[in-house]
Amino acid sequence: MLVSLLVNSTVLLLLGAVFYAAPSPRLSPHAVPFGVRVPPGRAEAPEVHRERRRYRALLLPATAALTAVSLGLGALTDSALVGSVAALVLCGVAAVLWLRAHQALTRAKEEGGWYEELRQGVAMDTSLRTDPVRMPWLWVVPSLLVLAVSATAGAFAYPELPDTLWLPERSPSGTEYRALATTFWSAFSLVLVQLAVTLTMVGTVAAVLRARADVDASRPRASAAEYRRRLALTARSLLGVGALLNVMLLGLSAMMWTGNRSGALLAVVVGVPALLAVAGAVYPFLPMARVGAGEDEATGLVTRDDDRFWRAAGTMYVNADDPAVLVPKRVGLGWTVNLANRRLLAGCAVVLVLGAAAGVVLALG
């Protein structure tokens, strides 16, 4: 019970810390506070600071109250489900507070005429097409090596495996082990997941390298150079994360093949690669030195106010006229999808059809 209470409280406090830091310019684009596009000169306006203070002033007591309630009910019921429900409630509270701040800034921008008498424009970095950031294929090698080791180890272990394998799974009551009849597909299930992870990471990096660049119209050369540096770093980071996930899956495969159910070993096998993967995923988005701008950066433009294409308080991009599949996020760092892009919709439809077909085959089999 003590472990469950500690896990619940830690998850809630970490979640609260993430939500508390979310409006920071270091974790979201500087010129889109709370998902609202504003001129660079207004990014630190009093209205923006006021909404950040209000958001955080309400989020802190909500996090404290939910943590206390979770601890109390968790002690009475001895269930990890209480922490999950409290986490969902905290996500809802944060979403409501974010939407409130988004609407307040939208009104302030419109009523204050923040874009009046400003020249709006859009900047593009065409060199990303003529001289793109290349796929760092050397960073794919670690994932392939771990995959090869897993497949080889599985091939040697398969003939000696028992009739039943035990696969660890996370449930509301803790870690449970699911019994699987020993077949080729069950024995090599996590190896196949490794293959899927590797292909997914390579595909994700390829898509990110072709995403629409985040270029500031007021300083196009410097912001394009910064974007290119961050793009190269992100590509290597994603492939490194894929390799770490494959290491974790190799460890889980070894535990399944040997029948080892040690909780401490499971924590190490899952926890260490997961922590390193999180650090690797966050690293590209840490603040980096800004590239200096010359006199040619005085464009006299500000990035176009494109709020009309962003829905759900700046979290969803919907623009059928934009050919880009991936665009820079407004909330958080990284990229999001263009939900009106025809290629994306067609790809999602294909995935759904294949998933439904696979489900029918498994059900009939």
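Shown above is the structure to which this text applies.
A few points on the structure. All values derive from a computational prediction rather than experimental measurement. (Residues numbered from 1 in each chain as written. Predicted model: local features only at pLDDT ≥ 70, side-chain atom pairs only at ≥ 80, totals over all residues. Heavy atoms only, no water.)

Next up on the list: the packing of helix H7 (residues 189-209) against helix H8 (residues 220-258). Between H7 and H8, whose axes approach to 9 Å, the crossing angle comes to 175°. Taken together, H7 and H8 sit at an angle that is classed as roughly antiparallel. Here the residues of the contact of H7 with H8 sort into 21 nonpolar, seven polar and no charged. (Axes fitted to C-alpha atoms, helices over the stretch in contact; angles between N-to-C directions. Helix = DSSP H or I, 4+ residues; strand = E, 2+ residues; numbered from the N terminus. Parallel < 35°, antiparallel > 145°, perpendicular 65-115°, else oblique. Nonpolar A, V, L, I, M, F, W, Y, C, P; charged D, E, K, R; others polar.)

To continue, consider the layout of surface pockets. By volume, the second largest pocket is sized at about 720 Å³. Lining of the second largest pocket is provided by 28 residues; of these, Val18, Ala22, Leu27, Gly332 and Leu333 occupy positions nearest its centre. Here the residues of the lining of the second largest pocket are counted per class, giving 23 nonpolar, three polar and two charged. (1 Å grid on protein atoms, 1.4 Å probe; cavity = no way out; pocket = protein on both sides within 12 Å on 5 of 7 lines; lining within 4 Å. Points joined across faces, edges and corners; volume = space filled by probe spheres on them.)

Tallied over the full model, the rule gives one cavity of 30 Å³ or more. Of the volumes computed, that of the largest cavity is approximately 30 Å³. Surrounding the largest cavity, Trp166, Pro168, Tyr177, Met255, Met256, Gly259, Asn260 and Arg261 form its lining. Residue assignment for the lining of the largest cavity shows that the elements contributing at least two residues are strand E2 (164-171) and H8. Looking at the lining of the largest cavity residue by residue, the class counts come to five nonpolar, two polar and one charged.

Here we come to unusual backbone geometry. For phenylalanine 34, which is not glycine, the phi dihedral falls at a positive 55°. Residue position: phenylalanine 34 is located in the loop between helix H1 (2-21) and helix H2 (46-77).

One can find lysine 109 in helix H3 (residues 81-112). Within the structure, the side chain of lysine 109 is placed 2.3 Å from the side chain of aspartate 307, a separation counted as a polar contact. When neighbours within four sequence positions are excluded, lysine 109 is seen to be in contact with Val36, Arg37, Trp114, Tyr115, Asp305 and Asp307. (Polar contact = N/O pair within 3.5 Å; in protein donor to acceptor, adjacent residues only side chain to side chain. Contact = heavy atoms within 4.5 Å.)

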